[in-house]
Protein chains: 2
Amino acid sequence: MPIKSRIRTIPHWPKEGIMFRDITTLLQDPIGFQLAIDKLVDRYKDSDIDFICAIEARGFILGAPLSIALGKGFIPIRKKGKLPGKTISQDYELEYGTDTIEIHVDALKEGQKVLIVDDLLATGGTVFGAIELVEKTGAKVQECAFVVDLPELGGSQRLEERGIPYFKLVDFEGH
Amino acid sequence: MPIKSRIRTIPHWPKEGIMFRDITTLLQDPIGFQLAIDKLVDRYKDSDIDFICAIEARGFILGAPLSIALGKGFIPIRKKGKLPGKTISQDYELEYGTDTIEIHVDALKEGQKVLIVDDLLATGGTVFGAIELVEKTGAKVQECAFVVDLPELGGSQRLEERGIPYFKLVDFEGH
């Protein structure tokens with residue numbers, strides 16, 4: 001697995017018991033980073049998506065090259081207070097408490113088709129927040145794409161239950 | 001100016017008197033985003049840089065496609081507490097107070113050549129923090145690249161005084 005073997009595991013980060021899957025080692029290797037983008041391009045080169053919506057901050061690192069490769073516009077979904085124009089907000093669940101993400105209210109129009117991109121799918125809290133945001137604009141989430149899926153944390157199952165297609169490059173067992 | 005005309009100005013954000021130069025309208029337009037990346041690729045396609053170091057978060061949106069286009073590895077410079085491996089930290093000056101950015105300690109080796117990428121050069125506080133970080137690893141900052149320069153805020157002059165080459169796609173007057 002040329003992509004998986006380039007992802008480093010940092011044990012007990014950000015806290016005891018978590019095996020953090022660190023994609024910085026993949027990104028730093030130009031062959032690895034290109035491989036990851038190529039697999040995303042292969043998946044979406046014939047799709048009819050209008051925009052890539054990438055989730056701050058690691059989602060930007062994957063979504064931006066994909067946007068350039070596909071010739072589709074890039075729309076950032078950011079943490080609260082970071083976007084300068086008029087925004088729509090959405091709270092989403094973290095393990096403890098909630099956080100808020102935003103999108104520019106004029107970024108999407110009704111009926112436009114969106115690919116949401118983030119680095120990692122765990123419980124799905126963040127991506128479900130992003131889906132709600134996109135749907136509030138009237139646009140449609142065509143699919144969600146990730147480099148890493150942690151299926152035991154249930155995010156991919158929740159996406160299936162909601163009927164939202166998703167795509168991931170690699171899986172890891174555990175948390 | 002096909003790039004400049006695609007950058008939106010949001011008056012009085014994040015506070016009264018600031019004319020915020022918003023690149024999200026450039027990024028959302030696939031022709032505009034491609035133009036910006038093409039100009040960066042033209043500048044660096046024959047350079048001997050080893051890595052792109054991009055500054056969180058908007059710098060990721062420019063640095064990642066440039067990294068793919070040039071076939072150079074991508075290294076994130078992030079806000080404190082975001083990188084999972086062992087890091088080096090650097091405080092830098094904001095208008096009021098200070099903030100801290102970090103890089104993975106094993107990301108760079110002595111003598112490697114780095115291009116630092118961010119979206120905007122204002123007073124230069126953040127980019128000088130990034131330069132200090134890269135130099136602490138023993139690597140060398142070959143150049144710093146930005147989409148927008150605000151020369152009246154003095155960052156570009158400070159870079160010149162330090163003897164660090166920089167490149168920008170467009171200038172705006174004022175703050």
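Anything mentioned here points back to the structure above.
Think of each chain on its own: its residues are numbered from 1, step by step along the sequence as written. Labels follow written order: the first chain is A, the first ligand is 1, and so on. Per-residue local features of the predicted model are confined to residues with pLDDT of at least 70, and side-chain atom pairs are confined, for both listing and counting, to 80 or more; whole-chain, interface and lining totals are unaffected and use all residues. Just so you know, side-chain values use all the structure's heavy atoms and leave hydrogens and water out.

Things to note about the sheet that holds strand β3 (residues 51-55) of chain A
Residues and elements named next belong to chain A. Selection criterion: When DSSP finds two or more bridges between a pair of strands, those strands are recorded as paired. Counting from the N terminus, the helices are DSSP H or I runs at least four residues long and the strands are E runs at least two residues long. Structural elements are reduced to axes, namely lines fitted to C-alpha atoms, with helices fitted over the stretch in contact, and the angle between N-to-C directions of any two is expressed from 0 to 180 degrees.
Spatial strand order, β5-β6-β4-β3-β7-β8-β9: 7 strands in an open sheet with mixed pairing. One side of each edge strand has no neighbouring strand; the edge strands of this open sheet are β5 (87-93) and β9 (166-171). The mean angle between the axes of side-by-side strands here comes to 20 degrees, regardless of whether they run parallel or antiparallel. Relative to strand β6 (residues 98-104), β5 is paired through 7 bridges, and the arrangement is antiparallel. Opposite T87, over in β6, you have H104 as the bridge partner.

Description of the packing of helix α2 (residues 30-44) of chain B against helix α3 (residues 58-70) of chain B
All names here are of chain B. Here is the rule we go by: In what follows, roughly perpendicular refers to angles from 65 to 115 degrees, roughly parallel to angles under 35, roughly antiparallel to angles over 145, and oblique to any angle outside these ranges. Left-handed describes a crossing whose near helix is turned anticlockwise from the far helix through less than a right angle; right-handed describes the clockwise counterpart. In what follows, a contact means two residues having at least one pair of non-hydrogen atoms within 4.5 Å. Residues are grouped as follows: nonpolar covers Ala, Val, Leu, Ile, Met, Phe, Trp, Tyr, Cys and Pro; charged covers Asp, Glu, Lys and Arg; every other residue, Gly included, is treated as polar.
In the contact formed by α2 and α3, the axes pass within 10 Å of each other and the chain directions differ by 55 degrees. Viewed along their axes, α2 and α3 adopt a mutual orientation that is oblique. As for how α2 packs across α3, the hand of that crossing is right-handed. Contacts from F33, I37, L40, V41 and Y44 in α2 reach I61, L62, P65, L66, A69 and L70 in α3. In terms of residue class, the contact of α2 with α3 is built from 11 nonpolar, no polar and no charged.

Points about the interface of chain B and chain A
Selection rule: A quick way to say it: buried area is the sum, across both parts, of accessible area lost when two parts are put together, with a 1.4 Å probe. Counted as salt bridges are all cases of a side-chain nitrogen of Lys or Arg within 4 Å of a carboxyl oxygen of Asp or Glu. Between N or O atoms, a polar contact is any pair within 3.5 Å; within protein, one atom must be a potential hydrogen donor and the other a potential acceptor, and residues adjacent in sequence are included only when both atoms are from side chains.
Each side of the interface is counted separately: chain B has 37 residues, and chain A has 38 residues. Summed over both partners, the interface of chain B with chain A buries about 3000 Å², with 64% contributed by carbon and sulfur atoms. At the junction of chain B and chain A, the tally comes to 2 salt bridges. The shortest N-O distance in the salt bridge between R8 of chain A and D106 of chain B comes to 2.8 Å. Here chain B and chain A share 12 residue pairs in polar contact (both at pLDDT 80 or more) between them. At 7 residues, the largest contribution of residues to the side of chain B that touches chain A is made by α3 of chain B. Looking at the side of chain B that touches chain A residue by residue, the classes come out as 20 nonpolar, 9 polar and 8 charged.

As for the relation of the copies chain B and chain A
Basically, it comes down to this: A residue counts toward the fit only if its pLDDT is at least 70 in both copies, and the copies are then superposed by least squares on the C-alpha atoms of those residues.
If you rotate chain B by 180 degrees and push it 0.0 Å along the axis, it lands on chain A with an RMSD of 0.0 Å. The transformation relating the two chain copies, once decomposed into turn and shift, fits a two-fold axis. Of the C-alpha atoms belonging to chain B, the one lying closest to the rotation axis is found on P65 of chain B, 2.1 Å away.

A few points about the side chain of T137 of chain B
Position of T137 of chain B among the secondary structure elements: in the loop between α4 (125-136) and β8 (140-149). Residues within four places of T137 of chain B in sequence aside, it is in contact with I88, I103, L108, K109 and E110 of chain B.

Points about the environment of G125 of chain B
All names here are of chain B. As a reminder of what qualifies: The cut-offs for exposure are 20% and 50% of the maximum accessible area for each residue type, with area from a 1.4 Å probe on protein chains only; residues under the lower value are buried, those over the upper are exposed, and the others partly exposed.
Structurally, G125 can be placed in helix α4. By relative accessible area, G125 is classed as buried at 12%. Through-space distance from the C-alpha of G125 to that of K80 is 16 Å; in sequence the pair is 45 residues apart. Among all residues touching G125, those that are not within four sequence positions of it are Y92, E93 and R158.

Observations concerning the sheet that holds strand β9 (residues 166-171) of chain B
Residue and element names in this part refer to chain B. The 7 strands are arranged β5-β6-β4-β3-β7-β8-β9 in an open sheet whose pairing can be described as mixed. For this open sheet the edge positions go to β5 (87-93) and β9, each flanked by a neighbour on one side alone. Within this sheet the neighbouring strands show an average axis-to-axis angle of 20 degrees, counted without direction. Here 4 bridges tie strand β3 (residues 51-55) to strand β7 (residues 113-121), and the two strands are oriented parallel to one another. Its bridge partner being in β7, C53 is matched across the sheet by I116.

In short, shape yes, function no, at least from these values alone.
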